[in-house]
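# Residue-level structure breakdown
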Amino acid sequence: MTAGTAAVTTTSGFDTLALAAPILEAIKAAGYTEPTPVQARAVPEALNGRDLLVSSQTGSGKTAAFMLPALQLLTKPHEKSGRGPRILVLTPTRELAVQVTKAAETYGRNLRVKTMSVVGGMPYPLQNRLLKIGVDILVATPGRLLDQMNAGRIDLSRLQLLVLDEADRMLDMGFKDELEAIVAKVPKTRQTLLFSATLEQGIVKLAGALLKDPLRIAVDTAQTRHENISQRLHFADDMGHKNRLLESILNNADMLQAIVFTSTKRAADQLAQELHSQGHSAAAMHGDMNQRARNHTLQALRRGTLKVLVATDVAARGIDVQGISHVINYDLPTQAEDYVHRIGRTGRAGRNGIAISFANVRDHYMVKSIERFTTQKIEVTAIAGLEPKMRAFSKPAPRGARPGGGKSYGKPSGAPGRREGFGGYAKRDGRPAGRSAARTSPYSK
Ligand code: AMP
């Protein structure tokens, strides 16, 4: 099946998409005037019943790209009566499931649509009760869904549309077996839409098994320039230096809200506690926290009462809070893909964002690998008064470096402190931006 409408809809707004009036009204109420590129390309094809393999980033409007056709499907009654879902969206994390559920409610506000999420951490009795009532759109994480399916509490025989959101992440998180087990139990007649930030081998293989003659849509790949996100790199000599840099950044007037990434849950807890004791409105979020605590933290972030979230990769996945002005990689990620997901937490919905990474001399290869993945160079910057002592990556290959890879990174032509960038903070404030910077923090509580 083909659709000839995609080219027309790219520039002419939502009205030209063949969506029902109540959906168009809800889109208008959400304040959207033009479809994003992924919406313009995917919606008409999905409405025509085509299976899609879409590569696009979070922040690109991908949720509406699958949710709008899903809702359109619900405007017509199903020929088979029953309580089972007609749409199933699988997400890697609970947070993303919550976002998707909210999106379904936003875009489906003028339709009578029952949406629920089935995610780990939610009490079974409540989940069981809700499932009995019946649901149109089910948003689920694979593990809990499979539990509920195996317990016979979910009837998927009416399923018409299966969406795999952030499929690459689901594979990374080891959900491959669960995905296969779930898909084996859904009707073969279903339509399937697969969304992934990258279209690497594992995804293509999965798509081959799950999709029928899919149309490939590549909108925002990892290589897309995050033009609204200013990416910077600070060399940090040691932990003390990292902490001083962090404090300076958090105290800067540009900082509205930040997500700070650490590599371990323990480090997230410790850093959040430290920031809190320094007077910042800070909290940690990671996989060891129960769902209630995570929801509570996320709500505070959305309301803007929480200024600094210290998080691990998995926990922060899918967070869509428009006030996030800064993403700070206190520790670099171990995968280049995660870097893209991390920085995508800022610059949401067309805003500008700042992504700052701290690196030491041993991070040479990780930084290189990120730059290769994004095909972008990260600008090396320094804060006046907090310049690093080390000479960045310009020395001979660091210990443990692979032979042949000794090309210097970032071509530091002088002390990084003399470069453009964060030094500007000090100029603007008229004072050094280090620890000595007066505590005018609006973030202190
Ligand atoms: P997503 O990539 O689905 O996580 O969406 C990122 C953000 O973009 C969300 O805050 C959406 O509400 C917003 N958004 C999605 N589609 C549009 C649109 N067509 N116009 C403006 N904002 C949008």
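Residues numbered from 1 in each chain as written. Predicted model: local features only at pLDDT ≥ 70, side-chain atom pairs only at ≥ 80, totals over all residues. Heavy atoms only, no water.

## Looking at the layout of surface pockets
Volume-wise, the largest pocket comes out at about 1,100 Å³. Considering the residues around the largest pocket, the lining is formed by 39 residues, among which Gly59, Gly61, Asp320, Arg348 and Ala349 are closest to the centre. Looking at the lining of the largest pocket element by element, the count peaks at seven residues for helix 5 (residues 94-107). Taken together, the residues of the lining of the largest pocket break down into 12 nonpolar, 19 polar and eight charged. Inspection of the lining of the largest pocket shows a minimum of three residues originating in each of domain 1 (2-218) and domain 2 (229-381). Val98, Thr101, Lys102, Ser117, Val119, Gly121, Met122, Pro123, Leu126, Gln291, Arg292 and Asn295 are the residues that line the second largest pocket. Secondary-structure elements contributing two or more residues to the lining of the second largest pocket are helix 5 and helix 13 (291-303). Its residues assigned to classes, the lining of the second largest pocket shows five nonpolar, five polar and two charged. Mapped onto the domain boundaries, the lining of the second largest pocket takes at least three residues apiece from domain 1 (2-218) and domain 2 (229-381). (1 Å grid on protein atoms, 1.4 Å probe; cavity = no way out; pocket = protein on both sides within 12 Å on 5 of 7 lines; lining within 4 Å. Points joined across faces, edges and corners; volume = space filled by probe spheres on them. Helix = DSSP H or I, 4+ residues; strand = E, 2+ residues; numbered from the N terminus. Nonpolar A, V, L, I, M, F, W, Y, C, P; charged D, E, K, R; others polar. Domains from an automatic or database assignment.)

## Side note on the side chain of Arg190
Its place among the elements puts Arg190 in the loop between helix 9 (176-184) and strand 6 (191-196). Look at Arg190: it is buried, it has no salt bridge, and the nearest opposite charge is Asp51 at 6.0 Å. In terms of polar contacts, Arg190 uses its side chain to reach the side chain of Thr192, at 2.7 Å. Ignoring anything within four residues of it in the chain, the contact list for Arg190 reads Asp51, Leu159, Gln160, Leu162, Val183, Leu210 and Lys212. (Buried < 20%, exposed > 50% of the residue type's maximum accessible area, 1.4 Å probe, protein only. Lys, Arg positive; Asp, Glu negative; His and termini not counted. Salt bridge = Lys/Arg side-chain N within 4 Å of Asp/Glu carboxyl O. Polar contact = N/O pair within 3.5 Å; in protein donor to acceptor, adjacent residues only side chain to side chain. Contact = heavy atoms within 4.5 Å.)

## Comments concerning the site of the ligand
What surrounds the ligand is a group of 15 residues, the closest being Tyr32, Gln39, Gly59, Gly61 and Thr63. Measuring from a nitrogen atom of the ligand, one finds a side-chain N or O atom of Gln39 at 2.8 Å. Between the ligand and Thr63 there is a distance of 2.6 Å, counted from an oxygen atom to a side-chain nitrogen or oxygen. When the ligand is considered free in solution it has 500 Å² of accessible area, and contact with the protein chains removes 82% of it. When atom positions are compared with the pocket grids, the ligand is found to occupy the largest pocket. Tallied by class, the residues present in the shell around the ligand amount to three nonpolar, eight polar and four charged. Taken together, domain 1 (2-218) and domain 2 (229-381) each give at least three residues to the shell around the ligand, which thus spans both. (Near = heavy atom within 4 Å. Areas by Shrake-Rupley, 256 points an atom, 1.4 Å probe, with all protein chains shown as cover. Sits in = over half its atoms within 2 Å of the grid points.)

## A word on the environment of Val118
The residue Val118 is located in strand 3 (residues 115-118) in this model. Beyond its immediate chain neighbours, meaning those up to four positions away, Val118 contacts Gln127, Leu131, Leu138, Val139, Ala140, Thr141, Arg144, Leu145 and Gln148.

## Digging into the sheet that holds strand 5 (residues 161-164)
Read across the open sheet, the seven strands follow the order 3-4-2-5-6-1-7; overall the sheet is parallel. In the strand order of this sheet, the two ends are held by strand 3 and strand 7 (215-218), each with one partner. Neighbour-to-neighbour, the strand axes of the sheet open up by a mean angle of 15°, direction not taken into account. The strands touched by helix 4 (residues 62-74) within the sheet are strand 2 (87-90), strand 4 (137-140), strand 5 and strand 6, with strand 2 carrying the most contacts at an inclination of about 165°. Across the sheet, helix 5 touches strand 2, strand 3 and strand 4, and the angle it forms with strand 4 is around 160°. (Pairing = 2+ DSSP bridges. Axes fitted to C-alpha atoms, helices over the stretch in contact; angles between N-to-C directions.)

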